[in-house]
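# Remarks on the overall topology
Residues per chain, in single letters:
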Amino acid sequence: MNKLIKLYRAICHHSQDSRIAEKMQHGSNNKSAQFTDEELITAYLWGAQQGLLTRKSVYNFIKTYHLGDFPKLPSYQAFCRRLNRLAEAFAALAEVLFEQKLAGVEPTHGYVLDSCPVMVSVGSRSNTAKTARKLCNLTRNPTKNLWYHGVKLHVFAQLRPHKLPIPCAVQISKASLCDLWAAKQIDLDCAPITNGRLYADRAYIDAEWKAHLQSERNITLITPRKRKKYDSLVSEDAASTHISGIRQPIEVFFNWLQAKTHIQTASHIRSCAGLLFHIFSALAFAALILKFNY
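Read on for a plain summary of the structure. Every chain is numbered independently, its residues counted from 1 as its sequence is written. Two thresholds apply to this predicted model, a pLDDT of at least 70 for residue-level local features and 80 or more for giving and counting side-chain atom pairs, whereas whole-chain, interface and lining totals are computed over all residues. As a rule here, side-chain values come from all non-hydrogen atoms in the structure, and water together with hydrogens is ignored.

## A few points about the packing of aromatic side chains
Pairing of aromatic rings covers Phe, Tyr and Trp, the last through its six-membered ring, and needs centres within 6.5 Å; plane angles under 30 degrees mean stacked, over 60 mean edge-to-face, and all others mean tilted. Across all of its chains, the model carries ten aromatic pairs by this definition. With a centroid separation of 6.0 Å and 80° between ring planes, the pair formed by Y44 and F90 is classed as edge-to-face. With Y44 in helix α3 (residues 37-49) and F90 in helix α6 (residues 87-103), the pair connects residues that are 46 residues apart, well separated along the chain. Overall, Y44 belongs to the buried group, its relative accessible area being 9%. A residue is classified by how much of its surface remains accessible, and F90, at 0% relative accessible area, is buried. Numbering of helices and strands runs from the N terminus, with a helix taken as a DSSP run of H or I at least four residues long and a strand as a DSSP run of E at least two residues long. Residue exposure (1.4 Å probe, protein chains only): buried if accessible area is under 20% of the type maximum, exposed if over 50%, otherwise partly exposed.

## A few points about unusual backbone geometry
Across the chain, the bulk of peptide bonds are trans and the bulk of non-glycine residues have phi less than zero. Positioned with a positive phi, N145 is a non-glycine residue whose angle comes to about 55°. Residue classification places N145 among the exposed residues on the basis of a relative accessible area of 54%. The residue H262 is not glycine, and still its phi comes out positive at about 55°. Looking at the secondary structure, you find H262 in the loop between α9 (236-261) and α10 (272-293).

## Focus: the packing of α3 against helix α5 (residues 76-85)
When two helices pack together, their arrangement is given by the angle between the helix axes and the distance between those axes. For the pair α3 and α5, the least separation of the axes is 11 Å and the interaxial angle reads 100°. Comparing the axis directions of α3 and α5 gives the class roughly perpendicular. Contacts between α3 and α5 involve D37, L40 and Y44 from the first element and F79, R82 and L83 from the second. Only Asp, Glu, Lys and Arg are considered charged in this grouping, and only Ala, Val, Leu, Ile, Met, Phe, Trp, Tyr, Cys and Pro are considered nonpolar; every other residue, Gly among them, is considered polar. Considering only residue class, the contact of α3 with α5 consists of four nonpolar, no polar and two charged. Only the stretch in contact is used when a helix axis is fitted, and all axes are lines through C-alpha atoms; the angle between N-to-C directions ranges over 0 to 180 degrees. When describing relative orientation, an angle under 35 degrees is termed roughly parallel and one over 145 degrees roughly antiparallel, while 65 to 115 degrees is termed roughly perpendicular and anything else oblique. Only heavy atoms matter for contacts: two residues are in contact if any of them lie within 4.5 Å across the pair.

## Structural notes on the nonpolar core
One finds L45, F90 and L275 to be the most contacted residues of the largest nonpolar core, which totals 87 residues. The greatest single-element share of this core, amounting to 13 residues, is contributed by α10. Sequence-distant contacts of F90, defined by excluding residues within four places in its chain, comprise I41, Y44, L45, L83, F277, F280, S281 and A284. As used in this record, nonpolar core signifies buried Ala, Val, Leu, Ile, Met, Phe, Trp, Tyr and Cys residues forming a set joined through side-chain atoms within 4.5 Å.

## A closer look at the environment of L257
Tracing the sequence through the fold places L257 in helix α9. Using a relative accessible area of 0% as the deciding quantity, one classes L257 as buried. Separated by 156 residues in sequence, L257 and K101 place their C-alpha atoms 16 Å apart. With residues near it in sequence (within four places) discarded, L257 still touches L153, H262, I263, A282, L283 and A286.

## What to know about α10
What a helix should span is 1.5 Å times the count of its residues minus one. With 22 residues, α10 should cover 32 Å at 1.5 Å per step; its first-to-last C-alpha distance of 31 Å lies within 8% of that length. Most of α10 sits out of view: 16 of its 22 residues are buried.

## Overview of the environment of S240
Checked against the element boundaries, S240 lands in helix α9. In this structure the C-alpha to C-alpha distance between S240 and R225, which are 15 residues apart in sequence, comes to 6.1 Å. Among residues more than four places away in sequence, those in contact with S240 are R202, P224 and R225.

Right, here's the structure in full:
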């Protein structure tokens, strides 16, 4: 069967899930649109599968090579406007696909937690950036050694042996928000996460939160030892290195996500709606790849 048709059928099937259906426009004035939301999501994800990273390139690809499959393709302006409105539908689709992937693998009870930047503006331009100020703000990323205006993507994921981890919960915060505070806001009720070990870096060291995870979820928080500037090497440093090695897959996941979707690069974004679409469509595409290929 044609892969495009299989993708369309999969989107139609998943759109029956109430979490996705309620985020679509079926109840709006657009409910009788000749070009349906299912077709719109299919067209975008199909373009993403071809390695196209912008809405303009996806639109031109569909118009040039698949107009027979999408004869009611709207104008480019309407295409972009409707994609922005479907940002939450893409988020729900990602959630459903990640859940299905988790349900199909053996629980390891090993989890990792970390964040990555989504940068709307970097360097000197970030000081005066005004894009999506309701979501974004200015901060310095120590890993990349640069200032940026944007948000952070926080991911709580289940480890798998020799494979990419699978996200269990995702949170978006302003760039300057402390990783620990964002982690405390992640709603773990959306996934059956219990009885395991959570590996995180030094930013997540917090006795109160550690006790909460242990008592409420039976999850043991494991972090490297927090060394002071002039501490000498001790035997615990070997354990810290071991923990960092266990956490490595989440770094691999973020690098893979960036390579596939360029999610961290959002300099083309001009609005809050556009930023949410950029993030959630990337996650939905990643979830689609993970479910069927990894």
